[in-house]
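One letter stands for each residue in the lines below.
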Amino acid sequence: MFLGNPTHQDFPKLLEIFQTHLVVQNVFVGNSDVEKLFDQFASNFTVLDAAGGVVENEKGEFLMIFRRNKWDLPKGKVEAGETLEDAALREVQEETGVAELQLQKHVVTTYHTYTQDSVPILKRTHWYAMKGMSGVPLVPQAEEGIVKAEWIKPKELPFYLVNTFNNIQDVFSIIAKR
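Please read these numbers as outputs of a predicted model, since none were measured by experiment. (Residues numbered from 1 in each chain as written. Predicted model: local features only at pLDDT ≥ 70, side-chain atom pairs only at ≥ 80, totals over all residues. Heavy atoms only, no water.)

Regarding the overall build of the protein
To keep things clear, this is the line we draw: Think of it this way: any DSSP run of H or I at least four residues long counts as a helix, any run of E at least two long counts as a strand, and we number them from the N terminus. Accessibility here uses a 1.4 Å probe with only protein chains present; expressed as a share of the type maximum, an area under 20% marks a residue as buried, one over 50% as exposed, and anything in between as partly exposed. Whether two residues touch is decided by their heavy atoms; if any such pair falls within 4.5 Å, the residues are in contact.
Along the protein, the regular secondary structure elements total 5 helices and 9 strands. Traced from its N-terminal end to its C-terminal end, the protein shows the element sequence β-α-β-α-β-β-β-β-α-β-β-β-α-α. Per-residue burial over the protein gives 40% buried out of 178 residues. Considering only contacts within the protein whose residues lie at least 6 apart along the sequence, 69% involve residues at least 24 apart.

This is the structure we're talking about:
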């Protein structure tokens, strides 16, 4: 489906299409002012900032968590007064128990939508590359629904990415290109 130069009123209609017509997987929206277009889209949501880490150890393994029956990367909401980098480090530490992390660089920012208590949410997640050590015990944060934290060998990563979210697959695609 393609929609060129949408108006502010078109976005609620598009969201309804996605929610009620499960066969529609993609909508391409064209506009010469991309920032204005995104602002119009985002105005239909409560926007939350989150930050997380793509942690690699000295063996080249990646740290992943298992929550809500999906493999994921550690991440969470940015608290008031906290920098994105500090939030990313804090969330990885809280969700996995890995304390001695070295922040590398920003990898990518992803977006995904969901509904919580009938409120549409647009979550903007800022992903950072990090280095960690494999020798520390991993402690999944049970109160956040995390049942496993594991170091994943690169050759095993495709198996885990089958059971994850599209944005996590996108993050690893970007990491693989570096």
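A few points about the nonpolar core
Convention followed: Take the buried Ala, Val, Leu, Ile, Met, Phe, Trp, Tyr and Cys residues and link them wherever side-chain atoms come within 4.5 Å; each set so joined is a nonpolar core.
With 18 residues, the main nonpolar core has Val54, Met64, Leu73, Trp127 and Phe172 as its most contacted residues. Of all the secondary structure elements, the ones that give two or more residues to this core are strand E4 (62-67), strand E7 (102-116), strand E8 (119-131), helix H4 (157-161) and helix H5 (166-176). For this core, the element with the most residues is H5, which contributes 4 residues. Ranked by size, the runner-up nonpolar core spans 12 residues in total, among them Ala51, Ala87, Met130 and Trp151.

Regarding H5
To be explicit about the condition: The directions considered for the arc are those from the helix axis to the C-beta atoms.
The set of residues buried in H5 consists of Asn167, Ile168, Val171, Phe172 and Ile175. Buried residues in H5, looked at end-on, bunch into an arc of 140°, giving them a common side. For H5, exposure combined with an orientation more than 90 degrees from the buried face picks out Asn166 and Ala176. Its buried side turned inward, H5 meets strand E3 (46-56), E4, strand E5 (70-72), E7, E8 and H4.

Some words on the pattern of salt bridges
Worth spelling out the cut-off: Take a side-chain nitrogen of Lys or Arg and a carboxyl oxygen of Asp or Glu: if they are within 4 Å of each other, that pair is a salt bridge.
On inspection of all chains with the given rule, the structure shows 8 salt bridges. Among the salt bridges present, the one from Asp49 reaches Arg124, with a minimum N-O distance of 2.7 Å. In this pair, Asp49 sits in strand E3 while Arg124 sits in strand E8, placing the two residues 75 residues apart along the sequence. Overall, the relative accessible area of 28% leaves Asp49 in the partly exposed class. Among the residues examined, Arg124 registers a relative accessible area of 24% and is labelled partly exposed. Measuring nitrogen to oxygen at the nearest pair gives 2.6 Å for the salt bridge that ties Asp72 to Lys75. Comparing Asp72 with Lys75 shows no difference in burial state: the two are buried.

Some remarks on the environment of Phe62
Inspection of the secondary structure puts Phe62 in strand E4. Classification of Phe62 as buried rests on a relative accessible area of 10%. Expressed as a C-alpha distance, the spacing of Phe62 and Met130, which sit 68 residues apart in the sequence, is 9.8 Å. Not counting residues up to four positions away in its chain, the partners in contact with Phe62 are Val54, Val55, Glu56, Glu150, Trp151, Ile152, Leu157, Phe172 and Ile175.

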